[in-house]
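This is what each chain is made of:
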Number of protein chains: 2
Amino acid sequence: MKTRATLKQLESRAEVFKALGHPDRLRILADLADGERCVCELVESVGSGWSTVSRHLSVLKAAGVLTDEKRGLQVFYRVALPCVSTFMECLDAARQGEAVEMRRCCR
Amino acid sequence: MKTRATLKQLESRAEVFKALGHPDRLRILADLADGERCVCELVESVGSGWSTVSRHLSVLKAAGVLTDEKRGLQVFYRVALPCVSTFMECLDAARQGEAVEMRRCCR
DNA sequence: GGCATATTTCGCAGAAATGCGAAATAGTCG
DNA sequence: CGACTATTTCGCATTTCTGCGAAATATGCC
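Let me begin by describing the structure that accompanies this report. (Residues numbered from 1 in each chain as written. Chains lettered and ligands numbered in written order. Predicted model: local features only at pLDDT ≥ 70, side-chain atom pairs only at ≥ 80, totals over all residues.)

### Considerations on the interface of chain B and chain A
So, point 1. Contacts between the two partners involve 30 residues from chain B, matched on the other side by 29 residues from chain A.
So, point 2. Only α1 (7-20), α2 (23-32) and α5 (83-95) of chain B provide two or more residues apiece to the side of chain B that touches chain A.
So, point 3. Looking at the side of chain B that touches chain A element by element, the count peaks at nine residues for α1(B).
So, point 4. Tallied by class, the residues present in the side of chain B that touches chain A amount to 21 nonpolar, three polar and six charged. (Contact = placed C-beta atoms within 7 Å. Helix = DSSP H or I, 4+ residues; strand = E, 2+ residues; numbered from the N terminus. Nonpolar A, V, L, I, M, F, W, Y, C, P; charged D, E, K, R; others polar.)

Right, here's the structure in full:
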């Protein structure tokens, strides 16, 4: 039988969703979908300042969505939760009214 | 080949994630996982005031996560995007470090 | 119509998120 | 060490989100 989720569990999940709830952060996620990128590339793609992008990245990292690795002068970010990308495709399909084949949603 | 998502598309997805980014709203979603509920039941489960819960519901509905139906004096809410619930299970599993079988994530 | 119940809308005060530029930090190269 | 580059942290002004109680709306009942 199912137990009622604790507030802590809900807050932890909410943190992930909150992190994903910003268009620029979803852009970053899309950029990272096919492999790691350094911050400089993401700054260019998002089109706002370094400090802003850096904070977006730290939010995503704190939520467990991304991980980073420093190599030389640069920091590279990559997706830590691949199901997020596939879930997004699922969302898009479902919201367009398509009858979604759920099986395909979390590859 | 993949086209770069437009800002509008990203904003639309972000709206869904933003709606899910609050523990009380996730509680509501959990309550609705096994069927519709009237607002009064949700108010009791969430444990904050009517006006607050009502706004949480309107946020979720605006994002397309829930739908509502009025029957008599009561309004019943239900989940419109079932993949959200399964995605959440996937998240939990992935975040616990489990090697997740993605196939099971969006039933 | 008039009253009771269920829910939403409104207005407000406090909390959190955002974006920015300046300053701090860390790694590399000479 | 000193100059330079890549990135993060800080402080601040602005906007958005939250929760609450009061008032508004809608529905059913007598």
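That shown, we press on.
### Considering the relation of the copies chain B and chain A
So, point 1. Of the transformation placing chain B onto chain A, the axial shift is 0.0 Å and the rotation is 180°, giving an RMSD of 0.1 Å. Both copies of the chain, as the preceding transformation shows, are related through a two-fold rotation axis.
So, point 2. Of the interface residues in chain B, 97% have counterparts in chain A that sit at the interface too, so the contact is made through matching surfaces. (Least-squares fit on C-alpha atoms with pLDDT ≥ 70 in both.)

### Examining the protein's contact with DNA strand C
So, point 1. Lining the immediate environment of DNA strand C, one finds 23 residues, of which Ser48(A), Ser51(A), Cys40(B), Ser51(B) and Ser54(B) sit closest.
So, point 2. Broken down by secondary-structure element, the contributors of at least two residues to the surface near DNA strand C are α4 (50-62) of chain A together with α3 (39-46), α4 (50-62) and β3 (74-79) of chain B.
So, point 3. Among the elements that line the surface near DNA strand C, the one with the most residues is α4(B), at six residues.
So, point 4. Its residues placed into classes, the surface near DNA strand C shows nine nonpolar, 10 polar and four charged. (Near = placed C-beta within 6 Å.)

All quantities given are derived from atomic positions and should not be read as evidence of function.
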